[in-house]
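# Descriptive analysis of the structure
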Amino acid sequence: MQKTKPTHVRYLILLMLFLVTTINYADRATIAIAGSSLQKSLGIDAVTLGFIFSAFGWAYVAGQIPGGWLLDRYGSKKVYALSIFTWSLFTVLQGYVGEFGLSTAIFLLFALRFMVGLAEAPSFPGNARIVAAWFPTSERGTASAIFNSAQYFATVLFAPIMGWIVYTFGWQHVFIVMGSIGILFSLIWLKVIHSPRNHPKINKEEFDHIANNGGMVDMDQDKGKGSASGPKWDYVRQLLTNRMMLGIYLAQYCINGITYFFLTWFPVYLVQERGMTILKAGFIASLPAICGFIGGVLGGIISDYLLRKGHSLTFARKAPIIGGLLLSTSIVTCNYVDIEWVVVGFMALAFFGKGVGALGWAVMSDASPKQIAGLSGGLFNMFGNIASITTPIVIGYIISTTGSFKWALVFVGANALVAVISYIFIVGEIKRVELKDTPTKGAQPASEAELSQAKI
């Protein structure tokens, strides 16, 4: 650490977060790309397919609070590495369900998707923890937007590849290929990821820049201190009774409702409603995702720019969120056009707007209590990803009942509108939540010196 010029190791860490999130979302999307062929091969109806799509979400939601606790208890590096390896292994196993009879295959596919969701639960709280540790406050919005934009890049990069694999080799192979990539990446993760204080390539100048400007550089070093006696379940109660946090949770649920339409039913929409081949749908699905990726990065850049120009944190975060989500309601327009490129254009516009507005993780970096960054992020992600359960099932029932996707697109657009209403009327001012410790029975009141130290 003798160099005078600061290193830029934090950008390598951000690249790793971007890559792992790309793999994460690609593995979630395998079932969507394979869905139409798998449905035909196994003889699955739309409602059953909707429940299989939702299996990931049931476990992903249930695993958020335990996943956040594990991150706070054992640190980001080890927990995240195990998460990557495990979800990738279960992805590989999905490629073999076709070897069984229909009932067994459906059960195994649901079970394996469930296990993928459970294994992926620590991923986004882990991303948020690592960004909080490695990035100053003024860079955190852009960093959060970049790792979050990987969800769109995953579709851009892998949807055409996965579509080609399904078209050429069959749906089974897409699970095997994508899962193998993840297993390999889990080994790379262990080699590259360290905390700021322990990374072998960071110098003193970069470390001091991060530490002196809001970076929580000792997050993992301090993970065990006070964890046994800290009233964490009371912390959760305090978050659940905070109006700002409830508004953020509601908005994130609605934003993820848009995301999970694109991750699950969108390729099926292109094949069944618009008459495309699965190969063409794989390539077409990448176009809105490109716009979502651009919007995702742009939203973070705009937000941090507004912050640097002297605007309040509340305005800097809310302006791109509200503007982007209003733009994403344009998805409903697809019901009134028949020209293929116009449909794709409105889908792209909607996904671009959703990308600009998807700043929830930046908001959480601003609002999460410092004591429980992982647990708070897990709670936020739990509420947001309830949409991963409800959206596929609701859309499946809409299609089964109406025979088309028209009301499904109205449902997606309504999610965007509710998120806007939540940020305008419920969230209010965005600020960090200050938690209050609840003394345990028989505990002595803290001295003024202890209270002063606790606030530092």
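All of these numbers come straight from a predicted model, not from anything done at the bench. (Residues numbered from 1 in each chain as written. Predicted model: local features only at pLDDT ≥ 70, side-chain atom pairs only at ≥ 80, totals over all residues. Heavy atoms only, no water.)

Turning to a nonpolar patch on the surface, a few remarks are in order. A contiguous nonpolar surface patch, about 470 Å² in accessible area, is contributed by Leu 326, Leu 417, Ile 421, Ile 424 and Phe 425. Inspection of the secondary structure puts Ile 421 in helix H18 (residues 406-427). For Ile 421, a relative accessible area of 42% gives the class partly exposed. (Patch = residues over 30% accessible without salt bridge, like charges linked within 9 Å, V, L, I, M, F, W, Y side chains within 5 Å. Areas by Shrake-Rupley, 256 points an atom, 1.4 Å probe, with all protein chains shown as cover. Salt bridge = Lys/Arg side-chain N within 4 Å of Asp/Glu carboxyl O. Helix = DSSP H or I, 4+ residues; strand = E, 2+ residues; numbered from the N terminus. Buried < 20%, exposed > 50% of the residue type's maximum accessible area, 1.4 Å probe, protein only.)

Our focus in this paragraph is the packing of aromatic side chains. Following the criterion strictly, the structure yields 21 aromatic pairs and no others. With centroids separated by 5.8 Å and ring planes inclined at 80 degrees, the aromatic side chains of Tyr 25 and Phe 124 adopt a geometry described as edge-to-face. Separated by 99 residues along the polypeptide, Tyr 25 in helix H1 (residues 9-42) and Phe 124 in helix H6 (residues 123-134) bring together distant segments of the chain. Every member of this aromatic cluster is reached through a ring pair, and the members are Phe 261, Phe 262, Trp 265, Phe 266, Tyr 269, Phe 351 and Phe 405. Over the ring of Tyr 25 we find Arg 28; its NZ or CZ atom is 4.2 Å from the centre of that ring. For Arg 73, the ring lying beneath its charged end belongs to Tyr 74, and the centroid distance is 5.0 Å. (Phe/Tyr/Trp six-rings, centres within 6.5 Å; stacked < 30°, edge-to-face > 60°. Lys NZ or Arg CZ within 6 Å of the ring centre and 35° of its normal.)

This paragraph deals with H6. Here H6 is twelve residues long and its end C-alpha atoms lie 16 Å apart, about the 16 Å a rise of 1.5 Å per residue gives. What H6 keeps buried is the set Ser 123, Phe 124, Pro 125, Gly 126, Asn 127, Ala 128, Arg 129, Ile 130, Val 131, Ala 132, Ala 133 and Trp 134. (Expected span 1.5 Å × (residues − 1).)

This paragraph deals with the packing of H6 against helix H16 (residues 373-384). Orientation of H6 relative to H16, taken along the N-to-C sense of each, is 135 degrees, at an axis distance of 8 Å. When the axes of H6 and H16 are compared, the pair comes out oblique. Between H6 and H16 lies a crossing of right-handed hand. Between H6 and H16, the contacting residues are Phe 124, Pro 125 and Arg 129 on the first element and Ala 373, Gly 374, Gly 377, Gly 378 and Asn 381 on the second. (Axes fitted to C-alpha atoms, helices over the stretch in contact; angles between N-to-C directions. Parallel < 35°, antiparallel > 145°, perpendicular 65-115°, else oblique. Left-handed = near helix turned anticlockwise from the far one by under 90°. Contact = heavy atoms within 4.5 Å.)

On to the pattern of salt bridges, then. Considering all chains together, one arrives at seven salt bridges under this definition. The shortest N-O distance in the salt bridge between Glu 206 and Arg 10 comes to 3.1 Å. Taken together, the residues span a long stretch of sequence, with Glu 206 in helix H9 (residues 204-211) and Arg 10 in helix H1 at a distance of 196 residues. Take Glu 206 and Arg 10: they sit in the same class, and that class is buried. Taking the shortest distance from any N to any O, the salt bridge between Arg 317 and Asp 366 comes out at 2.7 Å. Residue Arg 317 is found in helix H13 (residues 313-328), and its partner Asp 366 is found in helix H15 (residues 360-367); the two are separated by 49 residues along the sequence.

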